[in-house]
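Tertiary structure, described
Given next are the chains, with one letter for each unit.
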Amino acid sequence: DIQMTQSPSSLSASVGDRITITCRASQGISNDLAWFQQKPGKAPKSLISAASSLQSGVPSKFSGSGSGTVFTLTISSLQPEDFATYYCQQYNRYPLTFGGGTKVEIK
Amino acid sequence: QVQLRESGPGLVKPSETLSLTCNVSGYSINTGYYWGWIRQPPGKGLEWIGSIYHTVSAYYNPSLESRVTISVDRSKNQVSLKLNSVTAADTAVYFCARDGGLAEAVDYWGLGTLVTVSS
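Just so it is clear, the structure is predicted and the values come from calculations on it, not from any experiment.

All names here are of chain B. Looking at where Arg 39 falls in the secondary structure, it is placed in strand S4 (residues 34–40). The exposure class assigned to Arg 39 is buried, which follows from its relative accessible area of 6%. One polar contact links Arg 39 to Tyr 94, side chain to side chain, over a distance of 3.1 Å. The contacts of Arg 39, once residues within four sequence positions are left out, are Gly 45, Leu 46, Glu 47, Ile 49, Leu 64, Leu 83, Ala 89, Asp 90, Ala 92, Val 93 and Tyr 94.

Next up, the structure:
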């Protein structure tokens with residue numbers, strides 16, 4: 001299985017901050033990487049596919065980059081609605097696997 | 001607008017079979033895409049269970065493959081999950097999702113349904 005490792009596992013930030021979350025794959029996955037946002041008690045929401053393509057309706061403050069084994073999700077100017085847990089997922093090879101999540105909390 | 005909604009018993013006894021159904025609206029599963037299940041134990045991360053394309057190809061997580069079956073009912077536009085011989089470790093919120101197999105990411109999720117395994 002391809003292991004997905006996210007860092008940090010949690011972070012505290014203030015409204016208006018720019019943050020970056022990193023996701024590392026245990027082997028190369030090209031750009032077959034997705035990012036999801038999940039708020040407590042809710043289903044995940046799809047943010048980014050193909051490492052850097054925003055899903056329809058996702059604001060441009062979210063951006064993704066990377067290829068191969070290292071990927072990043074950046075949120076520019078954090079807003080109150082962005083405090084949530086973020087997951088990466090690879091879809092290059094079965095079984096599909098997720099990172100452990102990064103919880104973004106208010107400082 | 002594609003919508004997915006899971007349904008099924010919220011409580012299952014140990015050693016029995018967990019059965020869930022996902023009703024898909026706004027899109028015909030005959031048209032394409034993979035339809036799958038993902039679960040999340042309370043307070044933990046996401047785990048992919050498996051996906052199916054039409055009625056032809058199903059892929060399962062090896063960690064669950066011996067116990068899981070995913071199927072589709074084209075006439076009802078539904079996707080089903082069966083997980084047998086459940087234990088407390090199978091207690092989780094179960095999500096139905098639309099994905100593109102190894103070509104595209106998950107784009108639509110159901111609301112999720114909590115299934116508790118307990119006697």
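From this point, the discussion proceeds with the structure in view.
The next point concerns the interface of chain B and chain A. Taken together, the contact between chain B and chain A spans 22 residues of the former and 18 residues of the latter. Its largest share of buried area at the contact with chain A, chain B owes to Leu46(B), Trp48(B) and Leu102(B), together 37% of the area lost on that side. Counting across the chain B and chain A interface gives zero salt bridges. One can count four residue pairs in polar contact (both at pLDDT 80 or more) joining chain B with chain A. When residues of the side of chain B that touches chain A are traced back to their parent elements, those giving at least two are S4, strand S5 (47–53) and strand S10 (104–109) of chain B. With five residues, the top contributor of residues to the side of chain B that touches chain A is S10(B). The residue inventory of the side of chain B that touches chain A, partitioned by class, reads 13 nonpolar, five polar and four charged.

In this structure, the largest pocket occupies an estimated 490 Å³ of space. The wall of the largest pocket is formed by 24 residues, among which Gln38(A), Pro40(A), Thr85(A), Tyr87(A) and Gln40(B) lie closest to the centre. Within the residue set of the lining of the largest pocket, elements represented by two or more residues are strand S9 (85–90) and strand S11 (102–106) of chain A together with strand S9 (92–100) of chain B. The dominant element in the lining of the largest pocket, judged by the number of residues it contributes, is S11(A), at three residues. Each pocket or cavity is described by its volume, and for the second largest pocket that value is around 380 Å³. Taken together, 16 residues make up the lining of the second largest pocket; nearest its centre are Lys45(A), Gln1(B), Asp107(B), Tyr108(B) and Trp109(B). Of all the secondary structure elements, the ones that give two or more residues to the lining of the second largest pocket are strand S5 (45–49) of chain A together with strand S1 (3–7) and S10 of chain B. Here the element with the most residues in the lining of the second largest pocket is S10(B); it accounts for three residues. Within the lining of the second largest pocket, the residues separate by chemical class into eight nonpolar, six polar and two charged.

Further remarks concern the state of the cysteines. All names here are of chain A. With the rule as written, the count across this model stands at two disulfides over all chains. The partner cysteine of Cys 23 in its disulfide is Cys 88, sulfur to sulfur 2.1 Å. Taking the sign of the torsion about the S-S bond as the criterion, the disulfide between Cys 23 and Cys 88, at about 70°, is right-handed. Within this pair, whereas Cys 23 is found in strand S3 (residues 19–25), its partner Cys 88 is found in strand S9, the two being separated by 65 residues in sequence.

Residues and elements named next belong to chain A. Following the sequence through the fold, Ile 2 ends up in the segment before strand S1 (4–7). Expressed as a C-alpha distance, the spacing of Ile 2 and Ile 29, which sit 27 residues apart in the sequence, is 8.7 Å. Among residues more than four places away in sequence, those in contact with Ile 2 are Ala 25, Ser 26, Gln 27, Ile 29, Gln 90, Asn 92, Arg 93 and Thr 97.

Analysis parameters
Residues numbered from 1 in each chain as written. Chains lettered and ligands numbered in written order. Predicted model: local features only at pLDDT ≥ 70, side-chain atom pairs only at ≥ 80, totals over all residues. Heavy atoms only, no water. Helix = DSSP H or I, 4+ residues; strand = E, 2+ residues; numbered from the N terminus. Buried < 20%, exposed > 50% of the residue type's maximum accessible area, 1.4 Å probe, protein only. Polar contact = N/O pair within 3.5 Å; in protein donor to acceptor, adjacent residues only side chain to side chain. Contact = heavy atoms within 4.5 Å. Buried area = accessible area lost by both parts, 1.4 Å probe. Salt bridge = Lys/Arg side-chain N within 4 Å of Asp/Glu carboxyl O. Nonpolar A, V, L, I, M, F, W, Y, C, P; charged D, E, K, R; others polar. 1 Å grid on protein atoms, 1.4 Å probe; cavity = no way out; pocket = protein on both sides within 12 Å on 5 of 7 lines; lining within 4 Å. Points joined across faces, edges and corners; volume = space filled by probe spheres on them. Disulfide = S-S within 2.5 Å.

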